[in-house]
Amino acid sequence: MRRYVFKRLLQMLPTFLGITVITFAIAHLAPGDPLQLDPESSRALSVQVAPPAEPLPTQYLRWLERVLTFDFGRSLADQRPVTQKLTEALPKTLLLALLALVVAYGLAIPLGVYQAARPRSLVSRALSTLLFVAYSVPVFWVAVMVLLFLTGGRGPALFPFEGLHSPQSASYGPLGYLADTAWHLVLPVACLSYATLAVVSRQVRASMTHALAQDYVQAARARGIGRRSILFRHALRNSLLPVVTMLSFSLPSLIGGSIVVERAFGIPGMGSLAFEAIGQRDYPVVMAVSTLTAVVTLLAVLGADLLYAVVDPRIRVEGPSR
Amino acid sequence: MTPAEELVLPWRPAAKKGRGRLGLACLGGLVVTALGADLLASDLPLAVRVDAHTYLLPALTRPPQLRLSNQGTLAQTAEWQLGTPIPFGPNQTFATATGRTDAAPWAPDREHLLGTDELGRDVLARLIHGSRASLSIGFGAVLISLLVGLLLGVLAGWYRGLVDACLSRLTEMAFTFPTFFFFIALAGVLRFTSALPLVIGMGLLRWPDIARLARAETLKLRELDFVLAARVLGASDARILWRHVVPNALPPVLVAATFGVAGAILMECALAFLGIGVPAPTASWGELLFQAQRYLVHPGAWWLAVFPGLAVAGTVLTMNLVGEALQDLQSRS
């Protein structure tokens, strides 16, 4: 197992370096600089960026050296350390993405199992159509629609319009604060999770259907084992493998999708940070966000791969090759 | 499908067949709409006789004599005219045949079935013309990613070893690279003047799925007898790949590509929603949704947000239906 982890980490190194090169290249080929937008920041600029006389590869190596010690420099827009901005934004995005992941998988598995167990029931068919449609509906449009119809624009103000907390939430006490945050999170998490929910439940249904048709299920049934036990102890265990694989696909799309959701619901996470930074030509922040997002995604993919290895012992021994 | 599965799912094939047909029919309708947009919704009519001249298809030919006319004004001056089903162009501002003067946006009514935006442009006309941008971006991006993904995937599967390792890292890189960031930055660099950079950028980022599939298929195919037979006959690698491996690897890849079109259309809209889209005044569905955002705070004009979203969702649903039908066809054969 340790060897496998080491091998995967080693494989990620070139990927990480490649992403930093592209990020660096984009940020340095981009025209314009903050000076054009804000003469004030010229001081910060002269401290930040290596003198232009230096060739780009040298600049890149310097930047990479600092990145490896988590020093992303200072923001050109407000001179605050970029690391500080990131530590404010990253937890919000991670909270959003992880909650969405939990919601999506937590609902998808029971829904998929139900559909596989009762394929002909009306509920199953309705669910399958509904999930198929849900998969096709764009996230940001759903966001716009719930904002329009559920936050008081047209119709009842069931949920808050934007942000993660109410303005006066500091005075609520710890429980009230938590409840307030949860109330603010309902719509964003729902928007972020439903597409993943649809994909994963389809996968659960398909692999459960396959598992239920196998001989060992027939054998278990012949031995008189209860329906519930067959479903959850025999069939589900064997059909979770492809579902675990889907984790590594879900995470990047959730992190990407959170940009749109953050933007729509006014949540100051990584997506909003990146968006503002690019508008202000704040390159240290832009490069930091891009690098960090890539690292988080890589780690998430690694985590999913490791989970896969835990679930399926064959992977550990041979490595994921065919 | 095993016999046991057939027992569990007797209703599925028939239901899926119907879904696939529905998908194909909708796709046909969409393509016809996109191709015939100028004949479906235009400020100029299909045929008109005015000032002792008969103009055929002025909606397409746009004769300079009719430069200042539209179907509303021609209704007054022409001897006769044959109008388009929706008598407004996509960029025709304050389009009205009844001479209304109240402030736009106008709500859906008999004249504007889906309402207008704040410049009085007909939403239905803009949706019809927007299908061009959205569909061509979707199909164009997938075509590029199909070429790149097929090439890299087949090469990785065929040569394995070092080539495979390098290409796998490249795939991983494209897969983990923050896509939205890439486009936000790219828009800053290039200042999009056409949809082309969007199409190319999306095509260059969305190939990993296709490459993965092509690689897996090639790994399977290279061990098969007909490939060996081709080699025994003295065929070169290039010939084996082009004539034997690629055609056989294509079907599953095409399924992924169909789903890819849906994904690319969604992405165009998501990017437009963030303000990175085709330049104005070209109508695209994403751009329509982006414009609609302004009405969230003063949600009088709900129709601006609802209808473009339905168009996108319907198109994506169509592509997913077609993709699912194709997938089904393959798993049965």
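Please read these numbers as outputs of a predicted model, since none were measured by experiment.

Looking only at helices and strands, chain A has 13 helices and zero strands in total. Overall, chain A shows an N-to-C arrangement of helices and strands of α-α-α-α-α-α-α-α-α-α-α-α-α. Counting the 322 residues in chain A, one finds 49% classified as buried. Long-range contacts, defined as pairs at least 24 residues apart, comprise 72% of the intrachain contacts of chain A with a sequence gap of at least 6. Split by element, the accessible area of chain A, about 15900 Å² in all, is 66% carbon and sulfur.

Once the domains are mapped, chain B shows domain 1 (44-83) and domain 2 (124-332). For domain 1 of chain B and domain 2 of chain B, the distance between their C-alpha centroids amounts to 41 Å.

Turning our attention to the sheet that holds strand β1 (residues 47-50) of chain B. Residue and element names in this part refer to chain B. Judged by pairing direction, the sheet is antiparallel, and its three strands sit side by side in the order β2-β1-β3 without closing on themselves. Here the strands that pair on one side only, and so sit at the sheet edges, are β2 (53-56) and β3 (80-82). Adjacent strand axes in the sheet meet at a mean angle of 15 degrees, parallel and antiparallel pairs treated alike. Of the pairings in the sheet, the one linking β1 to β2 comprises four bridges and is antiparallel in character.

It is worth spelling out a nonpolar patch on the surface at this point. Residues and elements named next belong to chain A. Residues Met-1, Leu-307, Val-310 and Val-311 make up a contiguous nonpolar surface patch of roughly 320 Å² in combined accessible area. Topologically, Val-311 is positioned in helix α12 (residues 283-311). Residue class for Val-311 comes out partly exposed when judged on its relative accessible area of 38%.

Residue and element names in this part refer to chain B. In this structure, the hairpin formed by β1 and β2 is closed by a connection of two residues, where Asp-51 is found at a positive phi of approximately 50 degrees. In this structure, β1 lies alongside β3, joined through three bridges in antiparallel fashion. Across the sheet, Val-48 pairs through a bridge with Gln-81, a residue of β3.

Moving on, we come to the packing of helix α5 (residues 82-117) of chain A against helix α8 (residues 173-212) of chain A. Between two packed helices, the angle of one axis relative to the other and the distance separating the axes together describe the packing. All names here are of chain A. Here α5 crosses α8 at 35 degrees, and the two axes come no closer than 6 Å. Helix-helix and strand crossings are classified by hand; for α5 and α8 the assignment is right-handed. Its residues assigned to classes, the contact of α5 with α8 shows 24 nonpolar, six polar and one charged.

All names here are of chain B. Direction vectors running N to C along helix α6 (residues 123-159) and helix α7 (residues 161-176) enclose 145 degrees, while the axes themselves pass 7 Å from each other. In this structure, α6 meets α7 at a crossing whose hand is left-handed. Two secondary-structure elements touch here, α6 through Leu-152, Leu-155, Ala-156 and Tyr-159 and α7 through Gly-161, Val-163, Asp-164, Leu-167 and Leu-170.

What counts and what doesn't
Residues numbered from 1 in each chain as written. Chains lettered and ligands numbered in written order. Predicted model: local features only at pLDDT ≥ 70, side-chain atom pairs only at ≥ 80, totals over all residues. Heavy atoms only, no water. Helix = DSSP H or I, 4+ residues; strand = E, 2+ residues; numbered from the N terminus. Buried < 20%, exposed > 50% of the residue type's maximum accessible area, 1.4 Å probe, protein only. Contact = heavy atoms within 4.5 Å. Areas by Shrake-Rupley, 256 points an atom, 1.4 Å probe, with all protein chains shown as cover. Domains from an automatic or database assignment. Pairing = 2+ DSSP bridges. Axes fitted to C-alpha atoms, helices over the stretch in contact; angles between N-to-C directions. Patch = residues over 30% accessible without salt bridge, like charges linked within 9 Å, V, L, I, M, F, W, Y side chains within 5 Å. Salt bridge = Lys/Arg side-chain N within 4 Å of Asp/Glu carboxyl O. Left-handed = near helix turned anticlockwise from the far one by under 90°. Nonpolar A, V, L, I, M, F, W, Y, C, P; charged D, E, K, R; others polar.

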